[in-house]
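# Close look at the chain arrangement
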Amino acid sequence: MFIYLSKKIAIPNNIHLKCVSWNKDQGFIACGGDDGLLRVLKLETQTDDAKLKGLAAPSNLSMNQTLEGHSGAVQVVTWNEQYEKLTTSDQNGLIIVWMLYKGAWYEEMINNRNKSVVRSMSWNADGQKICIVYEDGAVIVGSVDGNRIWGKELKGNQLAHVAWSPDSKILLFGMANGEVQIYDNQGNFIMKMTISCLTNATGAVSIAGIHWYAGTGGYVEPDCPCLAICFDNGRCQIMRYENDENPVCIDTLMNVVSIQWNHCGSVLAVAGSLRASNLEKEFNVVQFYTPFGEHLRTLKVPGKQMTGVAWEGGGLRIGLAVDSYIYFANIRPDYKWGYCCSTVVYAYTKPERQEYCVVFWDTKNNEKFVKYVKSLMSITTSGDFCILASKADDTQPQNNVAPLCVFQFVLILCNSIGTPLDSKYIDIDPLFVTMTKTHVIAASKEAFYLWQYRVAKKLTALEINQVTRTKKEGRERVYHIDSNPSGASDSGPDFTKAFTATRDPICCITATDKTLIVGRESGTIHRYSLPNVVLIQKYTLNNRAYYLSLNCSSSRLAIIDIAGVLTLLDLEVRSFTDDSTGNQASAGDPSKFERKDVWDMKWANDNPDLFAMMEKTRMYVFRNLDPEEPIQTSGYICNFEDLEIKSVLLDEIMKDPERPNKDNLINFEIRSLRDSRALIEKVGIEDASQFIEDNPHPRLWRLLAEAALQKLDLKTAEQAFVRCKDYQGIEFVKRLGNLQSEPMKQAEVAAYFSRFEEAERMYLDMDRRDLAISLRIKLGDWFRVLQLLKTGSGDCDDALLEQAYNAIGDYFADRQKWVNAVQYYLQGRNQERLAECYYMLEDYDGLERLTTVLPENHKLLPEIGQMFATVGMCEQAVNAYLKCNQPKAAVDTCVHLNQWNKAVELARTHNMKEIKSLLSKYASHLLEKNKTLEAVELYRKAHHFLDAAKLMFKIADEEAKKRTRPLRVKKLYVLAARLVENYHEQVKTSQQSKAKGKKSEATFALAGLLEEDATSSDNRVVDNAWRGAEAYHFFLLAQRQLYEGYMENAMRTAIHLCEYEDIIPAVEIYSLLAICSAANRAFGTCSQAFIKLESLPSLEPELRQFYEDLALEIFTKHAPKDSRTMERERSSEGAEGKLPTCIVTGLPIQEYQFWMCSVCKHCALEQEIGKYNCCPLCHTPVV
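On a predicted model such as this, the values are computed, not experimentally measured, just so you know. (Residues numbered from 1 in each chain as written. Predicted model: local features only at pLDDT ≥ 70, side-chain atom pairs only at ≥ 80, totals over all residues. Heavy atoms only, no water.)

## Notes on the overall build of the protein
The helix and strand tally for the protein stands at 33 helices and 58 strands. Residues classed as buried in the protein amount to 51% of the 1183 residues present. In the protein, once contacts between residues fewer than 6 apart in sequence are set aside, the share between residues at least 24 apart is 46%. (Helix = DSSP H or I, 4+ residues; strand = E, 2+ residues; numbered from the N terminus. Buried < 20%, exposed > 50% of the residue type's maximum accessible area, 1.4 Å probe, protein only. Contact = heavy atoms within 4.5 Å.)

## What to know about the pattern of salt bridges
It is possible for side chains of opposite charge to pair when their charged atoms get near one another. The final tally for this structure, using the stated rule, is 37 salt bridges. As a salt-bridge pair, Glu221 and Lys391 come within 3.2 Å of each other at their nearest N and O atoms. Residue Glu221 is found in the loop between β18 (207-212) and β19 (227-231), and its partner Lys391 is found in strand β34 (residues 385-391); the two are separated by 170 residues along the sequence. On the basis of relative accessible area, Glu221 is assigned to the buried category, the value being 16%. For Lys350, the salt bridge is made with Glu658, and the minimal N-O distance between the two is 3.8 Å. Separated by 308 residues along the polypeptide, Lys350 in the loop between β30 (343-349) and β31 (356-362) and Glu658 in the loop between α3 (650-655) and β56 (665-669) bring together distant segments of the chain. Exposure remark for Lys350: the relative accessible area of 12% places this residue in the buried category. (Salt bridge = Lys/Arg side-chain N within 4 Å of Asp/Glu carboxyl O.)

## Details of helix α27 (residues 1027-1044)
Spanning 18 residues, α27 covers 25 Å between terminal C-alpha atoms, matching the ideal 26 Å at 1.5 Å per step. Following α27 by one or two positions, Gly1045 has its phi on the positive side, about 95 degrees. (Expected span 1.5 Å × (residues − 1).)

## Observations regarding helix α15 (residues 831-841)
Along an α-helix, residues three or four apart share an orientation, since each turn contains 3.6 residues. Taken residue by residue, α15 has Leu834, Ala835, Cys837 and Tyr838 as its buried positions. All buried residues of α15 lie within an arc of 165 degrees about the axis, which places them on one face of the element. Tucked into the core, α15 has its buried residues touching α14 (818-828), α16 (844-853) and α17 (861-870). Within two residues after α15, Glu842 carries a phi angle of roughly 60 degrees, on the positive side. (Arc of directions from axis to C-beta.)

## Things to note about the packing of aromatic side chains
What characterises a pair of aromatic rings is the spacing of the ring centres plus the angle enclosed by the ring planes. Summed over all chains, the structure comprises 33 aromatic pairs. Summarising the aromatic geometry, the rings of Phe812 and Tyr824 are spaced 5.7 Å apart at their centres and angled 25 degrees between planes, so their arrangement reads as stacked. Of the two residues, Phe812 sits in helix α13 (residues 798-814) while Tyr824 sits in helix α14, which places them 12 residues apart along the sequence. Each residue in the set Phe593, Trp603, Phe611, Tyr620 and Phe622 is aromatic and connected to the rest through ring pairs, giving one cluster. If you follow Arg297 out to its NZ or CZ, it ends over the ring of Tyr546, 4.4 Å from the centre. Seen from the ring of Trp599, Arg332 lies directly overhead, with NZ or CZ sitting 4.4 Å from the centre. (Phe/Tyr/Trp six-rings, centres within 6.5 Å; stacked < 30°, edge-to-face > 60°. Lys NZ or Arg CZ within 6 Å of the ring centre and 35° of its normal.)

## A short note on the pairing of strand β26 (residues 306-311)
Most of β26 sits out of view: five of its six residues are buried. Pairing of β26 with strand β27 (residues 317-322) involves five bridges; the strand directions are antiparallel. The residue of β27 that forms the bridge with Val309 is Leu320. Taken together, β26 and the strand that follows it, β27, pair antiparallel across an intervening segment of five residues, in which Gly315 is found at a positive phi of about 75 degrees. (Pairing = 2+ DSSP bridges.)

## A few points about the UniProt feature "repeat: WD" (unreviewed entry) in the protein
Using the residue numbers shown here, the UniProt feature "repeat: WD" (unreviewed entry) corresponds to residues 67-98. The distance from the first to the last C-alpha atom of residues 67-98 is 9 Å, and the span holds 0% helix and 56% strand. (UniProt positions renumbered as here; feature names shortened; annotations may be inferred.)

## Examining the nonpolar core
With 72 residues, the main nonpolar core has Tyr973, Trp1026, Tyr1032, Leu1057, Ile1064, Cys1175 and Cys1178 as its most contacted residues. Counting only domains with at least three residues in this core, you end up with domain 3 (913-942) and domain 4 (1138-1182). If near-sequence neighbours (up to four positions away) are discounted, Cys1178 is found in contact with Val974, Arg978, Trp1026, Cys1157, Val1159 and Cys1160. By size, the runner-up hydrophobic cluster in this structure holds 59 residues, among which are Cys357, Ile670, Leu703 and Val733. (Core = buried A, V, L, I, M, F, W, Y, C linked by side-chain atoms within 4.5 Å. Domains from an automatic or database assignment.)

## Some words on the sheet that holds strand β24 (residues 282-289)
Ordered by their spatial adjacency, four strands build an open sheet running β22-β23-β24-β25, and the pairing between neighbours is antiparallel. If you trace the sheet from one side to the other, it starts and ends with β22 (255-261) and β25 (295-301), each paired once. Between one strand and the next, the sheet's axes are offset by a mean angle of 25 degrees, whatever the strand orientation. Of the pairings in the sheet, the one linking β24 to β25 comprises six bridges and is antiparallel in character. Bridge pairing in β25 links Tyr289 to His295. (Axes fitted to C-alpha atoms, helices over the stretch in contact; angles between N-to-C directions.)

## A few points about the sheet that holds β19
Pairing is antiparallel in the open sheet, where four strands are placed in the order β18-β19-β20-β21. Each edge of the open sheet carries a strand with a single partner, namely β18 and β21 (248-251). Sheet twist, expressed as the average angle between the axes of neighbouring strands with direction ignored, equals 10 degrees. In the sheet, β18 pairs with β19 via five bridges, with the strands oriented antiparallel. Its bridge partner being in β19, Ile207 is matched across the sheet by Phe231.

## Some thoughts on the side chain of Asn639
Topologically, Asn639 is positioned in strand β54 (residues 636-641). A distance of 3.4 Å separates the side chain of Asn639 from the side chain of Glu641, its partner in a polar contact. (Polar contact = N/O pair within 3.5 Å; in protein donor to acceptor, adjacent residues only side chain to side chain.)

## Notes on the packing of α17 against helix α18 (residues 874-883)
Where α17 contacts α18, the two axes come as close as 8 Å, and the packing angle between them is 165 degrees. Considering their axes alone, α17 and α18 lie roughly antiparallel with respect to each other. As α17 packs across α18, the resulting crossing turns out to be left-handed. For the pair α17 and α18, contact is made by Leu861, Pro862, Ile864, Gly865, Gln866, Phe868 and Ala869 and by Gln876, Ala877, Ala880, Tyr881 and Lys883, respectively. (Parallel < 35°, antiparallel > 145°, perpendicular 65-115°, else oblique. Left-handed = near helix turned anticlockwise from the far one by under 90°.)

## A look at the environment of Pro1181
Note on placement: Pro1181 falls in the segment after α33 (1166-1169). Separated by 24 residues in sequence, Pro1181 and Cys1157 place their C-alpha atoms 9.0 Å apart. Among residues more than four places away in sequence, those in contact with Pro1181 are Asn1173 and Cys1174.

## Observations concerning the state of the cysteines
Tallied over the full model, the rule gives zero disulfides. Lacking any disulfide linkage, Cys31 is separated from the closest cysteine sulfur, that of Cys19, by 8.0 Å. (Disulfide = S-S within 2.5 Å.)

## A look at the packing of helix α10 (residues 756-765) against helix α11 (residues 769-779)
Between α10 and α11, whose axes approach to 7 Å, the crossing angle comes to 155 degrees. On the basis of their axis angle, the class for α10 and α11 is roughly antiparallel. Between α10 and α11 lies a crossing whose hand is left-handed. Where α10 abuts α11, its residues Phe756, Glu757, Ala759, Glu760, Tyr763 and Leu764 lie against Arg769, Leu771, Ala772, Leu775, Arg776 and Leu779.

## Considerations on unusual backbone geometry
With an omega of 0 degrees, the peptide bond running from Leu530 to Pro531 counts as cis. Residue position: Pro531 is located in the loop between β43 (524-529) and β44 (534-540). Positioned with a positive phi, Leu253 is a non-glycine residue whose angle comes to about 60 degrees. Looking at where Leu253 falls in the secondary structure, it is placed in the loop between β21 and β22. Of the residues examined, Leu253 reaches a relative accessible area of 65% and is grouped as exposed. Phi at Asp597 takes a positive value of approximately 55 degrees, unusual for a residue other than glycine. Mapped onto the fold, Asp597 is located in the loop between β48 (594-595) and β49 (598-603).

## Section: the environment of Tyr763
Considering the arrangement of structural elements, one finds Tyr763 in helix α10. The exposure class assigned to Tyr763 is buried, which follows from its relative accessible area of 3%. Residues within four places of Tyr763 in sequence aside, it is in contact with Met744, Ala747, Glu748, Arg768, Leu771, Ala772 and Leu775.

## Observations regarding the environment of Lys155
Structurally, Lys155 is set in the loop between β13 (148-153) and β14 (159-164). Take Lys155: its relative accessible area is 69%, and that puts it in the exposed class. With 17 residues separating them along the chain, Lys155 and Ala138 place their C-alpha atoms 8.2 Å apart.

Okay, structure coming up:
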């Protein structure tokens, strides 16, 4: 930071001031002094010039009111900013509260204890409470409306100071003997504060000031010291909280009278007097410190006795009460900021966040990008890049780090929108950072670190690859300031040697592509070569440098020392040739050049003899050490190029950092540019050309070329473009020379100077609508193109019209205004983008309509299919894929969306090979979920009848085991058997289609059977397909006949059922046979059934006993014999061999003519089947 005295206001009648206070919010300054003097002043900037803002603008007193009410010397003044109140107290103990009413201050309340004198008053952070301490130990806490909250007498203590904690929970009382006591906000004693800074101090001390920064402007870094306590002997301690055992201690070596923090807690001002070592007399000074105790600046102040110090609300000015004057000093803060690639990068703190808010403000497009960085130390910029130096966060992973080595700091390389490109963890404190196009150099007090963050552009691609392949060590190096590097040993960064202490620490650095300059506190300057670091030379200055800057040719070094004096140092001896002797003489001697109160300077990027500097609130431009007339401004210089200085009013930006305004960016033209422009406008091109010839600069030639173009002086324009090496300009002039008509040339020139409306109007006046349209197309203004196309009288080009519609559609689509985009794409027939818009709008009907409109095999169809697939619309996706002849994609979509039926159907329709794997995949998926019937249905639809039948038999077997409803089991077996019949049919037809030539049907059948035999692994399923169905059919039939009273038939059916013991449990069969035969009085059969039942191995003993008892009971009454007829029938049945069984009656069929079902091939008596419409077993309609 830099500080200088800027204004002095005298108090009438030479009345000495005792205290001063500056209202941070409204800007009022209250000063109290002897004889009841109390004044309220206000400084306001009054200027009509918009460019003159901040400190550069003249400030006058807009208020100068004397407040009458005190009789004794006013000793304490304090503001309540929130409620716009001023509280003052004098030597008689009278307290007055003043309020603002219609622009003037009036008494609101008065209080006087008449016992003691008020030593200190303090409002808490929210302005609700005031604490007043009296010399005799009395403490009063009152509310803003004048009510007393509590009071307390601290016996035996002389009070001198009071301070609230930021959260208003704690009060600090400073005693006259130098003690500080901590109380809670109800007045209960907590503890005495440990005063570490008074160690080894002798003699009586008193407290000069206690100020606890309330955090209203955020903190410099997390856990930042904010409570300052300073003693009159110059000792000071800054603490993080009231019982901090490790405070920052400072010895200011001065007699302190007052202290105060600035608005954001980043600078502590300590005001008092200093005794000069060689003189007896003291002089007034204000010392400025960081919260960590680092000394920033010293301001010497004239006068005898300084009594108070007060910061302005924005931290840009400070008010000092000295004798009967108020002095004002302007402060130029060290903002964390930089300028790269037309982007201003700046950082500020917010009260609600611990991190620094870093804003990348693109001044061209007025866009800003925000990034939050913890413990930011500095911002450095160069070219298109920016380096953010900060303390390393403990939580961040640090790659390639040895476990014992903990890197404490990090350098983050960002581009101009704040995107991190690379970062390096380093172990030295980057107090000073500079960067060139290829290197970043960071220096601590003892050492400097080089990081080659990119390679020079001139290298070929091959060389770049070699550089990137070289070990990382070659790109990072560390040198101690006392070492003498020769450039030979370029090993990796060895941070261990960087901590060796040095007697002469580094205080500033700067670099260009060829040279690195390091300044040391003794005034020594080291000059090293880059990129191979070799110490070339040492220079000795009289003062310690604060800021260094090299010109664009690295031939001259500008030095601003800590006192704000700018001097120059020639690094290269300039050659005195004959033609340059005159120039050199006029340039003056750089060693004698000196300017005071300089706080910023910048060399021109394109001229080694041109630089701009800020001196107080004036900017000077020097050419060959000769100053131009100054410009009033307080901006920081961003860039000096092309005879233009870009400056940014950071003070104004920091007032509202979230909304940077383009008004705070100012461009200044230097004199030669202004003069050339004036010559061209007022005198003419010839004379201006001569002037520019004498003072050549590419920017001036460009100015001349543009002026000549305006006047269509093509010869001069071409010469000027050649002089400023503007190839496009030369080409443009040539093109103009080939045009015949004058208006056409003028129109082209207007377009060249971006006066597009004018150019378009000229084209239209010449009836050249085509040129106007092509101009608008070049500009990408398609709305205007469309307008021009539609307004023309003749037919417009359809292709161009479509292009315009599509471009406007793109414009809306880029801004995600899909509805508007759709309208234009429809007119432009842009089906690709239309599909995208429908998809974004979720207008699937529109997408479906588009599918129907598109021709077959259109390249867009697969994309539309994919769109439908992503939202689960299977049918539409399949239609799209099929339309572009991609059945595989359609099947994959069906599989993906679990639409297996559709997948199988499609695979079958399109004869796809992989259907089997697909089927088995889905079937296993269904079986996993226990959906066996769905799996059967799947196989059936896929014509895999055998697999379906196997599953069906499995289901039927499981149902049969459950012994549930037999009819349900019969139905399941019938379905399984019918699936087997379908399989037989399928094999037969496939054989027929395979066989060629004239073969008999028998041959087909035989081949079919043979194939069946070869393929069928499960013979039970194929050969005995109907067996299960038969068993349950006859089981049900026997019971039905029994209940209907046909005992004979029931018994016959039950006897036939005995063949199906493998399907129906034997217990059930023989129990049924026993009942039927007993009912039919055929006790012989009944007896056999009982014998069979009793001999069943699986029978439980009690059940067997039960059967035996029942048999005994029956057969004691009836002899176990059948009637004759029955036996005869049986014997005849045996003689004839196996007769088919009628499925209607269950009886053997004796006739030669009978009915046979076409599906299940089961027989029935013709007279019996006549009663039925369907086959009783398989339910096929009877034909």
